[in-house]
Amino acid sequence: GLLLPAWVFVSFMLAQLVVAVVAKFLQFVGVSFTSINEAVFNSVLSVAVYAVTLALAIGGPWLIRKHKTSLEDLGLQRGPDWLDFLWAPAGAIVYFMLSAAVLILSLALLPFIDHNQVQQTGFTGISTHLEYAVAFLSLVVIAPVAEEVLFRGYLLGKLRKSVPVWVAVILTSLLFALVHFQWNVALDTFALSVVLCLLRLFSKSLWAPILLHAMKNGLAFYLLFINPSLISTIGG
């Protein structure tokens, strides 16, 4: 059971390597990406990484050991219903409280962390309507769906069959924090993941976590790209 988080992490890293190698090979054989809008190109790369990660993480065990993954394992055995739209905002309140508590503790116990470090989204200097639309689609729609299927769907769904539920939640959340590769972001995403895991468990579906994740990323999108001055205003 404990090998599963390691496999998901390896799948995520391998996917990035595979996509990078394919892109370099295409350039080597004469394919030029210079005419492609940078935001569009980065979005395509991120979608490719998510697709390869899911294929490796879920397909690998099935091909090697015939470990099948059902829609119920992923929390996708049903479509969204009205209760999911209540679970998500309720989870948002818990998330904000937990994230604030984690921040306060980290300020006291982890003084080396730079809490002002900006999260790397892969989208910098965007200015056109197309670039904003592509960034929104990538960060607020595609990323929440793909990451929820991988972490709160596949990883949590499989882990809780072999370890206690609280261990599954902690391991899933630690790995989710780790793959963001920034201390300040990791603290926030750990808190977010704990709430997303609880939503998955209580609602018995992945839809509420997807909705909350999209809400959180939508807020981050607004603060990073639409109204970045608001953060400095709030901070004094």
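Because the structure is a prediction, the values reported are computed rather than measured.

Comments concerning the pattern of salt bridges
(1) Moving on: For the structure on display, the rule yields six salt bridges.
(2) Moving on: Here Asp84 and Arg78 are joined by a salt bridge, their closest N and O atoms 2.9 Å apart.
(3) Moving on: The exposure class of Asp84 is buried, given its relative accessible area of 0%.
(4) Moving on: Given the relative accessible area of 26%, Arg78 is considered partly exposed.
(5) Moving on: Across the pair Glu148 and Arg152 runs a salt bridge whose closest N-O atoms are separated by 2.6 Å. Of this pair, Glu148 and Arg152 both sit in helix α5 (residues 129-159), separated by four residues, roughly a single helical turn.

Considerations on the nonpolar core
One broad rule of soluble globular proteins: the nonpolar side chains tend to lie buried together.
(1) Moving on: Counting 37 residues, the largest nonpolar core has Val8, Phe151, Tyr154, Leu155 and Leu212 as its most contacted members.
(2) Moving on: Residue assignment for this core shows that the elements contributing at least two residues are α1 (3-28), α2 (38-65), α4 (84-109), α5, α6 (165-178), α7 (183-203) and α8 (207-226).

Describing the packing of α4 against α8
(1) Moving on: Two numbers describe how α4 lies on α8: the axes approach to 8 Å, and their chain directions differ by 55°. Taken together, α4 and α8 sit at an angle that is classed as oblique. Once α4 is placed against α8, the crossing between them reads as right-handed. Listed contacts from α8 to Asp84, Phe85, Trp87, Ala88, Pro89, Gly91, Ala92, Tyr95 and Phe96 of α4 are Trp207, Ala208, Leu211, Leu212, Met215, Lys216 and Leu219.

Let's talk about the environment of Ser32
(1) Moving on: Examined against the element boundaries, Ser32 turns out to sit in the loop between α1 and α2.
(2) Moving on: Within the structure, the side chain of Ser32 is placed 2.8 Å from the side chain of Thr34, a separation counted as a polar contact.

Some details on the layout of surface pockets
Which parts of space are left empty comes out when a probe the size of a water molecule is rolled across the atoms.
(1) Moving on: Volume-wise, the second largest pocket comes out at about 940 Å³.
(2) Moving on: Lining of the second largest pocket is provided by 38 residues; of these, Tyr50, Gln120, Thr121, Gly122 and Glu147 occupy positions nearest its centre.
(3) Moving on: Of all the secondary-structure elements, those providing two or more residues to the lining of the second largest pocket are α1, α2, α5, α7 and α8.
(4) Moving on: Classifying every residue of the lining of the second largest pocket by side-chain character gives 22 nonpolar, 14 polar and two charged.

Cut-off values and rules
Numbers given for residues are sequential positions, taken from 1 along each chain in its written order. Local features in this predicted model are restricted to residues of pLDDT 70 or higher, and side-chain atom pairs are both shown and tallied only at a pLDDT of 80 or more, whereas totals for entire chains, interfaces and linings draw on every residue. To obtain the side-chain values, all non-hydrogen atoms of the structure were used and water was disregarded. In the sections that follow, a salt bridge refers to a side-chain nitrogen of Lys or Arg positioned within 4 Å of a carboxyl oxygen of Asp or Glu. Per-residue accessibility, obtained with a 1.4 Å probe over protein chains only, is compared with the maximum for each type, and a residue is labelled buried under 20%, exposed over 50%, and partly exposed between these values. Secondary structure elements are defined from DSSP: runs of H or I of at least 4 residues count as helices, runs of E of at least 2 residues count as strands, and each element is numbered from the N terminus. In these notes, a set of buried Ala, Val, Leu, Ile, Met, Phe, Trp, Tyr and Cys residues joined through side-chain atoms within 4.5 Å is what counts as a nonpolar core. Working convention: axes come from line fits to C-alpha atoms, limited for helices to the stretch in contact. Angles between N-to-C directions cover 0 to 180 degrees. Note on terminology: angles under 35 degrees are roughly parallel, angles over 145 are roughly antiparallel, angles of 65 to 115 are roughly perpendicular, and the others are oblique. Helix crossings fall into two classes, left-handed where the near helix is turned counterclockwise from the far one by less than a right angle and right-handed where it is turned clockwise. Whether two residues are in contact is decided by their heavy atoms, any of which lying within 4.5 Å being enough. Any N or O atom pair separated by 3.5 Å or less is treated as a polar contact, with the protein-specific requirement of one donor-capable and one acceptor-capable atom, and with residues adjacent in sequence counted only for side-chain atom pairs. Only protein atoms enter the 1 Å grid used here, on which a cavity is any set of points holding a 1.4 Å probe that cannot leave and a pocket is any open set flanked by protein within 12 Å on both sides along at least five of seven lines; residues with an atom within 4 Å of a point are listed as lining. Grid points are joined across faces, edges and corners, and a volume is the space filled by probe spheres set on the points. The nonpolar class holds Ala, Val, Leu, Ile, Met, Phe, Trp, Tyr, Cys and Pro. Asp, Glu, Lys and Arg form the charged class, and all remaining residues, Gly among them, are polar.

All we've got here are geometric facts, nothing functional implied.
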